[in-house]
Amino acid sequence: MIDTLSRAVPGVVPATMGKAIPLSNGQVIKVLSQHGTQVFDMWAFNAADMTEFMSMEHTRSRNSKIVLGVGDHYVSDRRRPMLCVTEDTSPGIHDTLLCACNRQIYEEAGCKTYHRNCSDNLHEGLAEIGLSFPFTPGPLNVFMNIPVNADRTISRLPPATKPGDYVRLKAGMDLIVVISACPQDMTVINGPDKTPRDAHYVIEG
Ligand SMILES: [Zn+2]
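Presented here is a report on the structure given in the accompanying data block. (Residues numbered from 1 in each chain as written. Predicted model: local features only at pLDDT ≥ 70, side-chain atom pairs only at ≥ 80, totals over all residues. Heavy atoms only, no water.)

**Looking at the coordination of the zinc ion**
- Within the protein, the zinc ion binds to Cys101 (SG), Cys118 (SG) and Cys182 (SG); these donor distances fall in the range 2.2 to 2.3 Å.
- Spacing between the donor residues of the zinc ion along their common chain follows C-x16-C-x63-C. You can see Cys101 sitting in the loop between β7 (81-88) and α2 (103-108) and its partner Cys182 sitting in the loop between β10 (175-181) and β11 (199-204), a full 81 residues away along the chain.
- For Cys182, a relative accessible area of 3% corresponds to the buried category. (Donors = N, O, S within 2.8 Å, 3.2 Å for Na, K, Ca; no water. Helix = DSSP H or I, 4+ residues; strand = E, 2+ residues; numbered from the N terminus. Buried < 20%, exposed > 50% of the residue type's maximum accessible area, 1.4 Å probe, protein only.)

**A few points about empty space enclosed by the protein**
- On inspection of all chains with the given rule, the structure shows one cavity of 30 Å³ or more.
- What the largest cavity holds in volume is close to 50 Å³.
- Along its surface, the largest cavity is lined by Leu68, Tyr74, Val85, Asp88, His94, Leu140, Val142, Val167 and Leu169.
- Going through the elements one at a time, β7, β8 (140-142) and β9 (165-171) are the ones with two or more residues in the lining of the largest cavity.
- When the residues that make up the lining of the largest cavity are grouped by side-chain class, the tally is seven nonpolar, one polar and one charged. (1 Å grid on protein atoms, 1.4 Å probe; cavity = no way out; pocket = protein on both sides within 12 Å on 5 of 7 lines; lining within 4 Å. Points joined across faces, edges and corners; volume = space filled by probe spheres on them. Nonpolar A, V, L, I, M, F, W, Y, C, P; charged D, E, K, R; others polar.)

**Brief notes about the environment of Gly92**
- Within the secondary structure layout, Gly92 lies in the loop between β7 and α2.
- Given the relative accessible area of 24%, Gly92 is considered partly exposed.
- With 57 residues separating them in the primary sequence, Gly92 and Asn149 have C-alpha atoms 17 Å apart.

**Remarks on the environment of Pro159**
- Mapped onto the secondary structure, Pro159 falls in the loop between β8 and β9.
- For Pro159, a relative accessible area of 13% corresponds to the buried category.
- As a C-alpha pair, Pro159 and His94 span 65 residues in sequence and 8.6 Å in three-dimensional space.
- Among residues more than four places away in sequence, those in contact with Pro159 are Gly36, Thr37, Val39, Phe143, Asn145, Val188, Ile189, Asn190 and Gly191. (Contact = heavy atoms within 4.5 Å.)

**Focus on the layout of surface pockets**
- There is about 330 Å³ of room inside the largest pocket.
- Lining the largest pocket are 16 residues; nearest its centre among them are Leu98, Cys101, Ile105, Arg156 and Gln184.
- Per-element accounting of the lining of the largest pocket gives the leading share, three residues, to α2.
- In the lining of the largest pocket, the residues fall into eleven nonpolar, two polar and three charged.

**Some details on unusual backbone geometry**
- In this structure, Thr16 is a non-glycine residue whose phi angle is positive, near 75 degrees.
- Following the sequence through the fold, Thr16 ends up in the loop between β1 (8-13) and β2 (18-23).
- A positive phi angle, close to 70 degrees, is found at Phe143, a residue other than glycine.
- Here Phe143 is to be found in the loop between β8 and β9.
- Here Phe143 falls in the buried class, since its relative accessible area comes to 0%.

**Describing helix α1 (residues 56-63)**
- Burial in α1 covers these residues: Met56, Thr59 and Asn63. Axial view of α1: buried residues confined to an arc of 55 degrees, hence all on one face.
- Against the buried residues of α1 lie β6 (73-75) and β8.
- One or two residues past the end of α1 sits Ser64, with phi positive at roughly 50 degrees. (Arc of directions from axis to C-beta.)

Okay, structure coming up:
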């Protein structure tokens, strides 16, 4: 008998770490702000052709928006839908403008020793499942609060989320999704207490 019951498989990316997650066409990844403060850097790649990647530049162009809402699609560098926003219980404040943090950002901020970072988390996560990518695409920064001011400068604020807020994203093709539980602990991007926390998710369908 074919099991037609829907399935939900929960997962967690430990604080400051990254993880690659296969997501089949039509499946949904629910990303959950359990504590209300953690931001998730996310990437997606075409599982059948890893040279095609989710592109924030093309997503902004395709949607004529810098922050997407329910019904909008994050698209690839080839303008094809990769992730559709199907539900968002948060205030809907996410970021598509800023780069992933990397070791140089922490060196600029004064770190004298290695600091974990989202860029390395992407490449480590892919390597764990035998994949690689030659550079770090601009990430989707879920729950990251980067307002554009009237003079077109940007600010970096703590997330506007509350504990339990989540976003559902539906795959438009077979994907490799990567989540980094951003290790940023030198600014308030992960909350006023500057404490990175686990990134929770659920695979549905
Ligand atoms: Zn980061």
